[in-house]
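As a plain string of letters, each chain reads:
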Amino acid sequence: MRTMMRSRNIPGVLSALSHSQSSAHKTKVAVAAATLAATLGGVLSAPAAFTCPSSRRRATAAGSLAMSSRASDNGGVYGRLISVADAVSLQSGSGGPPVAFVDASWHLGASDPDADRKSFEERGPRISGSVFFDINDVADKEGKNGNLPHMMPPPGMFSAAMDAYGITNSHRVILYGNDHSALSVPRAAVTFLSMGHGPALVHAMQGSVDDWIAAGGAVEEGPLPENLEKKRTLRVAEDLAGWNGAAATYCASRPKNVLSKAELLSVVEKVASGEDTSTYILDARSAGRFAGTAPEPRAGLRGGHMPGATSMPYVGLMADGSNVAFEAGAELSATFAGAGVDVAAAGKKFVVTCGSGVTACHLATGLAECGVAAEDIYLYDGAWCEWGGDPDVPIVT
């Protein structure tokens with residue numbers, strides 16, 4: 001059962017679905033439907049934009065994850081995924097935009113949550129001149145998002161972080177992991193894209209620092225130099241304390257194609273009812289977690305999955321057990337097809353979800369590599385941390 005949300009059908013369909021439900025639930029779903037008419041239908045005006053003082057702010061279209069001016073632009077000449085060899089050539093200088101290398105390493109279940117930061121700051125090896133981007137720190141931690149990990153940052157915070165790093169909207173950004181177990185490189189890439197960085201300028205390197213060294217790339221070891229003009233690593237609370245309301249040179253936009261729980265609830269109800277047959281909900285968690293037969297790694301979460309979702313474990317998209325290197329395009333398409341997902345069909349929408357919003361971005365990246373337009377890919381940011389912790393949303397096993 002797969003559905004697509006068409007804005008003209010939302011009120012009527014939801015009315016039928018919620019006929020026997022409580023008035024409170026009807027109100028919740030109706031609000032979600034109104035929002036989704038703008039989000040999935042892509043026909044209403046964009047949400048209020050972050051006020052950027054720079055005249056270089058790029059126009060963005062409603063409902064475009066990658067903020068692309070062309071639906072087919074999923075990474076420009078180098079592609080969203082960039083080989084280690086191409087990344088090394090860009091470091092050595094080959095003309096074109098300035099290049100920023102960003103270590104986005106994060107390891108699920110690490111005993112020390114700062115282990116990757118400490119490795120970058122104190123030891124290395126790290127790509128020469130690179131900066132460290134912490135998906136758990138440059139994140140929305142306010143209000144209802146306070147108990148959820150690595151939520152999309154407010155645009156003002158992201159802009160302030162980029163200014164501190166010396167990264168401009170014109171930079172080519174190459175994100176990498178310190179080893180093949182680093183889980184967060186696609187998540188960081190999707191964050192840059194969702195914040196409005198040019199889709200032809202954001203790349204996830206298909207290898208680790210060891211692969212970089214083997215290819216002749218320059219690295220640094222030992223502690224970071226002190227008294228640098230620009231930050232190489234930062235903490236929001238200490239280094240960006242005045243980000244809220246501060247003027248910024250970097251121009252970020254509000255996240256696009258990022259769904260809230262209320263919005264996804266409306267999608268789930270239509271998918272499960274069979275009223276709509278063009279939206280896939282793809283779950284990147286393991287098959288056991290999807291079925292509810294394997295435990296969730298975070299305490300207090302129910303097992304199972306959203307009604308109408310398709311199990312699409314992200315590991316099937318990856319090469320040789322890596323978390324950073326993807327299979328080639330033909331293999332990616334075959335993996336999606338094996339799960340019953342037709343990435344080539346016209347008129348499809350894809351909602352990606354996972355445990356905490358990280359490996360869903362592997363699915364988003366894989367879909368883009370298969371030629372799915374950025375505006376047709378939607379991320380549920382709260383993921384199972386939010387859905388599985390809510391006793392009032394539907395779950396099946």
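Look a little higher up for the structure.
Attention in this report is confined to the structure presented alongside it. (Residues numbered from 1 in each chain as written. Predicted model: local features only at pLDDT ≥ 70, side-chain atom pairs only at ≥ 80, totals over all residues. Heavy atoms only, no water.)

### Focus on the overall build of the chain
Broken down by element type, the chain carries 13 helices and 12 strands. Residue burial in the chain is summarised as follows: out of 397 residues, 54% are buried. Summing over all exposed atoms, the chain offers an accessible surface of approximately 15700 Å²; the carbon and sulfur share of this is 51%. (Helix = DSSP H or I, 4+ residues; strand = E, 2+ residues; numbered from the N terminus. Buried < 20%, exposed > 50% of the residue type's maximum accessible area, 1.4 Å probe, protein only. Areas by Shrake-Rupley, 256 points an atom, 1.4 Å probe, with all protein chains shown as cover.)

### A short note on the packing of aromatic side chains
According to the stated counting rule, one finds 8 aromatic pairs in the structure shown. Ring geometry for phenylalanine 133 and phenylalanine 158: centres 6.2 Å apart, planes at 75°, overall edge-to-face. Of the two residues, phenylalanine 133 is situated in the loop between strand E4 (131-132) and helix H5 (155-165) and phenylalanine 158 in helix H5; the sequence distance between them amounts to 25 residues. For the pair formed by phenylalanine 133 and phenylalanine 158, the shared burial category is buried. (Phe/Tyr/Trp six-rings, centres within 6.5 Å; stacked < 30°, edge-to-face > 60°.)

### Focus on unusual backbone geometry
Here the amide bond leading from glycine 124 into proline 125 is cis, since omega sits at -5°, within 30 degrees of zero. With respect to the secondary-structure elements, proline 125 resides in the loop between helix H4 (115-123) and strand E3 (126-127). Even without being a glycine, asparagine 257 presents a positive backbone phi close to 55°. Here asparagine 257 falls in the buried class, since its relative accessible area comes to 4%. In the Ramachandran plot, aspartate 320 falls in the positive-phi region, its phi being about 50° despite a non-glycine side chain. Assignment of secondary structure puts aspartate 320 in the loop between strand E10 (310-311) and helix H11 (329-338).

### Concerning the packing of helix H6 (residues 185-194) against helix H12 (residues 360-369)
Between H6 and H12, the shortest axis-to-axis distance is 8 Å and the interhelical angle comes to 70°. Comparing their axes, H12 and H6 come out roughly perpendicular. Handedness of the crossing formed by H6 with H12: left-handed. In contact with Pro186, Arg187 and Val190 of H6, H12 contributes Cys361, His362, Ala364 and Thr365. Taken together, the residues of the contact of H6 with H12 sort by class into 4 nonpolar, 2 polar and 1 charged. (Axes fitted to C-alpha atoms, helices over the stretch in contact; angles between N-to-C directions. Parallel < 35°, antiparallel > 145°, perpendicular 65-115°, else oblique. Left-handed = near helix turned anticlockwise from the far one by under 90°. Contact = heavy atoms within 4.5 Å. Nonpolar A, V, L, I, M, F, W, Y, C, P; charged D, E, K, R; others polar.)

### Quick word on the nonpolar core
Membership of the largest hydrophobic core comes to 66 residues, with the highest contact counts inside it found for Phe133, Phe158, Met162, Leu175, Leu282, Phe336 and Leu367. Counting residues per element, this core draws most heavily on H5, at 7 residues. Among residues more than four places away in sequence, those in contact with methionine 162 are Phe133, Ile167, Phe192 and Tyr250. Within the second largest apolar cluster, 17 residues are counted, among which are Leu264, Val351, Tyr378 and Tyr380. (Core = buried A, V, L, I, M, F, W, Y, C linked by side-chain atoms within 4.5 Å.)

### As for the pattern of salt bridges
The full count for this structure, using the stated rule, is 17 salt bridges. Where aspartate 114 meets arginine 117, a salt bridge forms, and the shortest distance between an N and an O atom there is 3.9 Å. With relative accessibility at 2%, the residue arginine 117 sits in the buried group. We note a salt bridge from arginine 285 to glutamate 296, for which the minimum N-O separation is 2.7 Å. (Salt bridge = Lys/Arg side-chain N within 4 Å of Asp/Glu carboxyl O.)

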